[in-house]
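Fold and geometry: a report
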Amino acid sequence: MAELPDIPTLLDAAVAALGGSRREGQATMAAAVDEAVDKREHLVVQAGTGTGKSLAYLVPAIRHAMAKETTVVVSTATIALQNQLIERDLPRLARALAPMLPREPTFAVLKGRRNYLCRNRLQTADEEAEDTELFDPRQLSSLGRQVARLHEWSEETVTGDRDELVPGVSDLAWRQVSVGANECMGARICPFGQECFAEFAREATQGVDVVVTNHAMLSIDMSQGYHIMPEHDTIMIDEAHELVDRATSVATGVLSERVVNAAAKRAARLVEPGVSERLTECADGLALMFTESPDGRLDHIDDALANAVAAIRDAASACVTAIGPSPGELDPDGASDRRLALAALNEVHDTAVRVLESFEPALRDRTEVVWLTKVPGRQPALHVAPLGVGGLLREKLFGDRTVVLTSATLTLGGSFTALANQWGLGREVTQEAAERAAAGRDPDPSPARDDASEEEPGDDDDGPHRAAGEPRWRALDVGSPFEHARRGILYVATHLPTPGRDGLAPAYLDEIAELIEAADGRALGLFSSMRAAQQASDELRERLDHPILCQGEDSTGQLVRGFAEDERSCLFGTLSLWQGVDVPGPSLSLVIVDRIPFPRPDDPLASARQRSVAAHGGNGFLSVAATHAALLLAQGTGRLLRSTEDRGVIAVLDPRLATARYGGFLRASLPPYWGTTDPTVARSALRRLSSQPEPAAG
């Protein structure tokens with residue numbers, strides 16, 4: 001193969017073709033990614049909004065894929081970024097680079113099998129719809145109409161991809177026409193195997209230069225015994241701050257009356273009635289135990305609940321045994337029923353085992369946490385999740401490939417350490433250590449993955465040498481093209497009382513109203529709870545003549561579009577808005593944060609993780625609660641400056657950001673905005689931005 005152009009040449013050509021201009025941070029990041037891939041060394045890059053980080057990793061990814069005739073995987077957290085890469089960035093980049101390369105770069109998207117319509121499942125969708133546990137005739141009717149629409153769509157769609165169905169259907173309706181990977185009977189047996197949308201999508205990833213997937217798929221690929229991804233040696237993880245949460249979600253098991261009953265119904269088609277009925281009876285027993293158990297985290301399990309979970313474990317196992325090994329060639333319907341039943345039964349059995357085994361070690365030594373949820377309108381459910389996923393990531397993600405992790409927010413408290421520890425990366429290899437290794441003075445100049453297979457239990461990450469097997473990585477902060485200190489004011493309302501638990505205090509509502517009036521609308525309100533967002537919306541609609549949009553009143557996409565189109569409007573909401581809003585220009589000049597977004601004290605997973613860190617001598621609050629808050633705060637305040645021309649005010653109403661001991665850690669996690677605690681300064685700045693006259697003195 002002819003010598004390929006170097007990274008600066010390719011990047012300059014891409015930027016010019018896409019109508020952009022050279023950015024120092026982007027060039028620095030691209031060079032670092034190229035070096036990391038060449039040295040097979042993991043890289044963590046913080047690249048602020050406006051850096052152009054997508055091009056900074058895509059250009060080296062494409063060059064590496066072509067030079068080594070391999071595939072590079074790109075993983076994102078959100079559908080929005082995944083779609084942006086596939087529908088906009090990669091097509092434009094491929095066309096821009098094609099004249100300089102031996103051929104035009106190729107790419108494909110890889111989603112979970114559940115994202116694609118299953119033609120075989122569609123044949124039984126009507127029967128399944130009638131068998132669902134819905135008691136409201138209107139819901140059943142709506143479900144039937146949605147399934148009928150999916151039948152029509154199946155004759156029109158080329159991809160079968162749920163994301164292309166507009167308008168969409170409910171999750172319940174989609175479940176009637178899709179299967180998970182563990183439920184699929186396989187293309188060889190399936191009567192529609194030659195027409196399978198999921199198989200078409202999987203085949204499209206073979207041999208391409210770049211495959212775009214998501215963190216959930218990546219986590220499934222890591223946790224299963226077989227690989228979903230095509231063969232690859234390099235992976236780019238964008239929105240890397242979300243990786244731990246997505247991996248934890250995939251690793252969380254759920255046990256509820258509905259889940260167990262669904263498995264029993266699938267088994268009933270294949271086993272003697274008495275065997276499946278036993279599992280149904282156990283589901284009833286579990287539901288009864290739930291009524292007598294408190295919701296929240298379970299540090300101990302009483303005998304009655306433990307016996308109910310054990311009974312489910314044994315009944316599910318009996319069903320699997322009764323189904324027995326595959327009898328050989330089965331008709332398609334029989335093969336489908338068998339695969340669906342075994343998938344459901346094994347999931348129930350394995351979750352029950354995890355729940356019971358999680359309580360066996362002493363509290364200090366547990367690696368999983370169990371909690372019970374009781375939400376009005378929903379069935380109670382028992383959850384089991386790992387306390388951490390660092391071990392999984394360390395072994396399965398960083399063990400046999402080169403990984404680049406990037407996001408606009410990766411340094412918390414001014415350091416990469418917090419997230420690196422959650423990823424299982426251990427200590428960073430500094431430039432000085434790398435230079436010593438190059439000069440032959442480092443006793444452990446190992447590559448990105450070590451050959452040592454075991455780590456002694458007493459190995460300490462703070463010791464003089466890296467623990468055996470610890471991934472080698474380096475960190476880089478390329479900054480941002482935004483002039484945060486000149487473009488953004490961080491206003492902390494220290495005159496307000498500490499936020500309470502009984503909703504927004506009147507002083508908070510007064511403060512929000514005055515800020516919105518000063519800004520003439522243009523406000524994004526980020527609240528710590530949906531209740532607070534709704535309270536602010538209801539009360540301020542009575543006091544202000546600005547349109548106030550509230551999350552939940554329409555789809556998030558529609559609300560954001562309406563907010564962007566009407567400069568006098570405001571948008572209030574909670575978690576998804578903290579990370580999902582991109583509104584550059586005059587429609588957004590004020591971001592309001594009602595309180596520091598700590599996890600709730602009764603959050604089972606966060607509280608268990610915090611306790612575990614403390615039990616092992618660490619600072620549980622700083623490692624878990626403050627880190628969680630810092631990450632969200634950095635993401636939320638990052639909604640203000642989305643282009644180099646944006647200006648505005650971030651108003652944090654919680655005085656603890658300025659007065660509490662941990663406030664310094666949180667502020668160090670934010671870009672260097674110009675700071676003030678003077679409400680007059682904040683209001684005056686907002687009036688100037690909205691071209692309103694200052695109020696007369698006195």
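Just so you know, these numbers come straight off a predicted model, no measurement behind them.

1. Focus on the overall build of the protein
- A tally of regular secondary structure across the protein gives 28 helices and 18 strands.
- With 698 residues in all, the protein has 51% of them scored as buried.
- A separation of at least 24 residues holds for 77% of the contacts in the protein among residues at least 6 apart in sequence.
- For the protein, the exposed area adds up to about 31,700 Å²; of that, 49% sits on carbon and sulfur atoms.

2. Here we look at the sheet that holds strand 3 (residues 107–109)
- With parallel pairing, seven strands are arranged side by side in an open sheet as 3-4-2-5-10-1-11. A strand with exactly one partner marks an edge of an open sheet, and here the two such strands are strand 3 and strand 11 (473–477). Each adjacent strand pair in this sheet contributes to an overall mean axis angle of 20°, direction not counted.
- Note that strand 2 (residues 71–76) and strand 5 (residues 232–237) share five bridges and pair parallel. Within strand 5, the residue paired with V74 across the bridge is M236.

3. Brief notes about unusual backbone geometry
- Look at the link from V166 to P167: it is a cis peptide, with omega at -10°.
- By secondary structure assignment, the location of P167 is in the loop between helix 7 (137–154) and helix 8 (171–175).
- The residue E69 is not glycine, and still its phi comes out positive at about 50°.
- Inspection of the secondary structure assignment puts E69 in the loop between helix 3 (53–68) and strand 2.
- When its relative accessible area of 69% is taken as the criterion, E69 is described as exposed.

4. Overview of the pattern of salt bridges
- Per the stated rule, a full pass over the model turns up 30 salt bridges.
- Between E41 and R472 there is a salt bridge; the shortest N-O distance is 3.1 Å. Here E41, found in the loop between helix 2 (24–39) and strand 1 (42–46), pairs with R472, found in the loop between helix 18 (431–438) and strand 11; they are 431 residues apart in sequence, far enough to count as distant. The burial state of E41 is the same as that of R472; both residues are buried.
- Among the ionic pairs, D602 bridges to R600, the shortest N-O distance being 2.9 Å.

5. Points about the sheet that holds strand 12 (residues 488–492)
- The seven strands are arranged 14-15-13-16-17-12-18 in an open sheet whose pairing can be described as parallel. Strands at the two margins of the open sheet, each flanked by one partner only, are strand 14 (548–550) and strand 18 (674–676). Taken over all neighbouring pairs, the strand axes of this sheet differ in orientation by 20° on average, direction set aside.
- Where strand 12 and strand 17 (residues 648–652) come together, five bridges link them in parallel fashion. Its bridge partner lying in strand 17, V492 is registered against V652.
- Of the strands in this sheet, strand 12, strand 13 (523–526), strand 15 (570–573), strand 16 (590–593) and strand 17 touch helix 20 (residues 506–519), which is tilted by about 175° from strand 16.

6. With respect to the nonpolar core
- Of all hydrophobic cores here, the largest spans 69 residues; its most connected members are V44, I237, L397, L405, W423 and L666.
- Element by element, the count of residues in this core is highest for helix 25 (residues 620–637), at eight residues.
- If we ignore the near neighbours within four places in the chain, the residues touching W423 are V44, A240, L243, V244, G390, L393, R394, F398, L405 and L410.
- Among the nonpolar cores identified, the runner-up in size contains 39 residues, and L10, M66, I86 and L93 belong to it.

7. Some words on helix 2
- Helix length check: helix 2, at 16 residues, gives a terminal C-alpha distance of 23 Å against a target of 22 Å (1.5 Å per residue), a fit within 8%.
- Of all the residues in helix 2, the buried ones are G25, Q26, A27, M29, A30, A32, V33, A36 and V37.
- Those residues of helix 2 that are buried are in contact with helix 1 (7–17), strand 1, helix 3, strand 5, strand 10 (402–407) and strand 11.

8. Some thoughts on the packing of aromatic side chains
- By the definition in use, this model includes five aromatic pairs.
- Taken together, a centroid distance of 5.3 Å and an interplanar angle of 85° make the contact between F598 and Y662 edge-to-face. Of this pair, F598 sits in the loop between strand 16 and helix 24 (604–615) while Y662 sits in the loop between helix 26 (656–659) and helix 27 (663–668), and the two are 64 residues apart along the sequence.

9. With respect to helix 3
- With 16 residues, helix 3 should reach 22 Å at 1.5 Å per residue; the first-to-last C-alpha distance of 23 Å fits that figure.
- For helix 3, a buried count of 13 out of 16 residues is recorded, marking the element as mostly surrounded by other parts of the structure.
- The positive-phi residue at the C-terminal boundary of helix 3 is E69, with phi of around 50°.

10. Thoughts on the environment of A532
- Its location among the elements puts A532 in helix 21 (residues 530–543).
- For the pair A532 and D502, spaced 30 residues apart in sequence, the C-alpha to C-alpha distance is 9.3 Å.
- Not counting chain neighbours up to four residues away, the residues in contact with A532 comprise L504, F527 and D594.

11. Details of the pairing of strand 13
- Burial along strand 13 is two-sided: the face carrying A523 and G525 and the face carrying L524 and L526 are both buried.
- By the bridge criterion, four bridges tie strand 13 to strand 15 in an arrangement that is parallel. Along strand 15, the bridge assignment pairs L526 with G573.
- In the sheet, strand 13 pairs with strand 16 via four bridges, with the strands oriented parallel. Directly across from L526, in strand 16, lies its bridge partner V593.

12. Quick notes on the packing of helix 20 against helix 28 (residues 679–689)
- Running from amino to carboxyl end, helix 20 crosses helix 28 at an angle of 35°, the nearest separation of the two axes being 7 Å. For the pair formed by helix 20 and helix 28, the contact residues are E511, E514, L515, A518 and A519 on the first element and P679, R683, L686 and R687 on the second.
- Partitioned by chemical class, the residues of the contact of helix 20 with helix 28 number five nonpolar, no polar and four charged.

13. What to know about the packing of helix 2 against helix 3
- At a minimum axis distance of 8 Å, the contact between helix 2 and helix 3 shows a crossing angle of 35°. Crossing angle aside, the handedness with which helix 2 passes helix 3 is right-handed. Each of Q26, M29, A30, V33, D34 and V37 in helix 2 lies in contact with helix 3, whose residues at this interface are K53, L55, A56, Y57, P60 and H64.
- Of the residues belonging to the contact of helix 2 with helix 3, the class tally is eight nonpolar, two polar and two charged.

14. Focus on the side chain of Q26
- Its place among the elements puts Q26 in helix 2.
- In contact with Q26, not counting residues within four places along its chain, are L11, V15, T51, G52, L55 and A56.

15. Remarks on the environment of L117
- Within the secondary structure, L117 sits in the loop between strand 3 and helix 5 (119–122).
- For L117, a relative accessible area of 2% corresponds to the buried category.
- What L117 contacts, discounting residues up to four positions off in sequence, is L122, L150, W153, S154, G160, W174, V177 and F197.

16. As for the pairing of strand 8 (residues 368–373)
- Counting buried positions along strand 8 gives five out of six residues, so the element sits mostly inside the fold.
- With two bridges connecting them, strand 7 (residues 296–297) and strand 8 associate as antiparallel partners. Each bridged residue has a counterpart across the sheet, and for R297 the counterpart in strand 8 is W371.
- Taken together, the six bridges between strand 8 and strand 9 (residues 381–386) define a ladder with antiparallel strand orientation. Bridging from a neighbouring strand, V370 pairs with V384 of strand 9.

How each quantity is defined
Residues numbered from 1 in each chain as written. Predicted model: local features only at pLDDT ≥ 70, side-chain atom pairs only at ≥ 80, totals over all residues. Heavy atoms only, no water. Helix = DSSP H or I, 4+ residues; strand = E, 2+ residues; numbered from the N terminus. Buried < 20%, exposed > 50% of the residue type's maximum accessible area, 1.4 Å probe, protein only. Contact = heavy atoms within 4.5 Å. Areas by Shrake-Rupley, 256 points an atom, 1.4 Å probe, with all protein chains shown as cover. Pairing = 2+ DSSP bridges. Axes fitted to C-alpha atoms, helices over the stretch in contact; angles between N-to-C directions. Salt bridge = Lys/Arg side-chain N within 4 Å of Asp/Glu carboxyl O. Core = buried A, V, L, I, M, F, W, Y, C linked by side-chain atoms within 4.5 Å. Expected span 1.5 Å × (residues − 1). Phe/Tyr/Trp six-rings, centres within 6.5 Å; stacked < 30°, edge-to-face > 60°. Nonpolar A, V, L, I, M, F, W, Y, C, P; charged D, E, K, R; others polar. Left-handed = near helix turned anticlockwise from the far one by under 90°.

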